[in-house]
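So the chains spell out like this:
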Amino acid sequence: MSQENLYNDKARKKLKEMVDNIDFAMMETGLGKRPTHIIPMSTKKIDDDGQLWFLSNDSSEHNANIRGDGYLQLIYSDPNEMEFLTIYGTAEISKEKKVLEELYGKADDTWFDGVDDPNLSAIRVQPKEAHYWDTQSGKFITLFKIGLGAISGKKQDIGKEGDLHLNSEV
């Protein structure tokens, strides 16, 4: 893989593109504990500033961990497309009605009793560091290139990976 670090608008665009394509993340909280707490979460929104939004049960273990120190790790993975993204950041919990109404959808009735459910909360994640791996050609082409490289002995460029600097001075 070739290295391509992205900055500011390009980094936010890449982050949004990958998050929108993958949707589900493994959210890891309680980073200072052993074991950490990890749960799958559907991304409800990524805003123009690169902040990610999730809905959550206010009495959940991950909400308690966020209230404790606010640091978390998000891991997005799409093995079929060979796209991967890891985000380290800080999180805050919101019970603001306007935010909950904006994020809530009919499918969320599976976990909550509507937008007025007292256990409904939103989690806003502000990325501090992010790194991506993107083959840009999908699983089968990537596996083919890996095989070709093994047979020919010539290194194949199977995609790009790099850091996403969302708010950098370059």
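Our subject is the structure that appears above.
Keep in mind that what you see is a predicted model, and the values were worked out from it rather than measured. (Residues numbered from 1 in each chain as written. Predicted model: local features only at pLDDT ≥ 70, side-chain atom pairs only at ≥ 80, totals over all residues. Heavy atoms only, no water.)

Draft legend 1. Up close: the overall build of the protein chain. Counting its secondary structure elements, the protein chain contains four helices and 10 strands. Of all 170 residues assigned to the protein chain, the portion counted as buried reaches 44%. Restricting the contact set of the protein chain to residue pairs at least 6 apart, pairs at least 24 apart contribute 70%. Summed over its atoms, the accessible surface of the protein chain is roughly 9600 Å², and 52% of this surface lies on carbon and sulfur atoms. (Helix = DSSP H or I, 4+ residues; strand = E, 2+ residues; numbered from the N terminus. Buried < 20%, exposed > 50% of the residue type's maximum accessible area, 1.4 Å probe, protein only. Contact = heavy atoms within 4.5 Å. Areas by Shrake-Rupley, 256 points an atom, 1.4 Å probe, with all protein chains shown as cover.)

Draft legend 2. Structural view of the environment of Gly-68. Note on placement: Gly-68 falls in helix α2 (residues 61–68). Taking the C-alpha atoms as reference, Gly-68 lies 8.1 Å from Gly-30; in sequence the two are 38 residues apart.

Draft legend 3. Summary view of the layout of surface pockets. Of the volumes computed, that of the largest pocket is approximately 360 Å³. Considering the residues around the largest pocket, the lining is formed by 15 residues, among which Met-41, Ser-42, Leu-55, Trp-111 and Phe-112 are closest to the centre. Elements that contribute at least two residues to the lining of the largest pocket include exactly β4 (37–42) and β6 (52–57). (1 Å grid on protein atoms, 1.4 Å probe; cavity = no way out; pocket = protein on both sides within 12 Å on 5 of 7 lines; lining within 4 Å. Points joined across faces, edges and corners; volume = space filled by probe spheres on them.)

Draft legend 4. Region of the structure containing the pattern of salt bridges. For the structure on display, the rule yields 10 salt bridges. For Lys-14, the salt bridge is made with Glu-17, and the minimal N-O distance between the two is 3.4 Å. Taken as a pair, Lys-14 and Glu-17 lie in helix α1 (residues 8–22) at a separation of three residues, close to a single helical turn. Judged by its relative accessible area of 35%, Glu-17 falls in the partly exposed class. Where Lys-44 meets Asp-108, a salt bridge forms, and the shortest distance between an N and an O atom there is 2.8 Å. With Lys-44 in the loop between β4 and β5 (45–46) and Asp-108 in the loop between α3 (97–103) and β9 (120–134), this pair connects stretches of sequence that are 64 residues apart. For Lys-44, a relative accessible area of 31% puts it in the partly exposed group. (Salt bridge = Lys/Arg side-chain N within 4 Å of Asp/Glu carboxyl O.)

Draft legend 5. Here's a closer look at the packing of aromatic side chains. Inspection of every chain in the model, using the stated rule, returns one aromatic pair. Ring plane angle 10° and centroid distance 5.9 Å describe the contact between Tyr-71 and Tyr-88, whose orientation is recorded as stacked. Note that Tyr-71 is positioned in strand β7 (residues 71–78) and Tyr-88 in strand β8 (residues 83–94), a separation of 17 residues in sequence. (Phe/Tyr/Trp six-rings, centres within 6.5 Å; stacked < 30°, edge-to-face > 60°.)

Draft legend 6. The arrangement of the nonpolar core in detail. Counting 25 residues, the largest nonpolar core has Leu-52, Phe-54, Leu-74, Tyr-76, Leu-85 and Leu-164 as its most contacted members. Residue assignment for this core shows that the elements contributing at least two residues are α1, β3 (24–29), β6, β7, β8 and β9. With near-sequence residues (within four places) excluded, Leu-52 lies in contact with Val-19, Thr-43, Lys-45, Ile-46, Leu-74, Tyr-76, Ile-87, Ile-123, Arg-124, Val-125 and Pro-127. Among the nonpolar cores identified, the runner-up in size contains nine residues, and Val-99, Leu-100, Tyr-104 and Leu-120 belong to it. (Core = buried A, V, L, I, M, F, W, Y, C linked by side-chain atoms within 4.5 Å.)

Draft legend 7. Structural context of unusual backbone geometry. A cis amide bond, omega -5°, links Arg-34 with the succeeding residue Pro-35. By the element assignment, Pro-35 lies in the loop between β3 and β4. The residue Asn-8 is not glycine, and still its phi comes out positive at about 50°. In this fold, Asn-8 is placed in helix α1. Residue classification places Asn-8 among the partly exposed residues on the basis of a relative accessible area of 22%.

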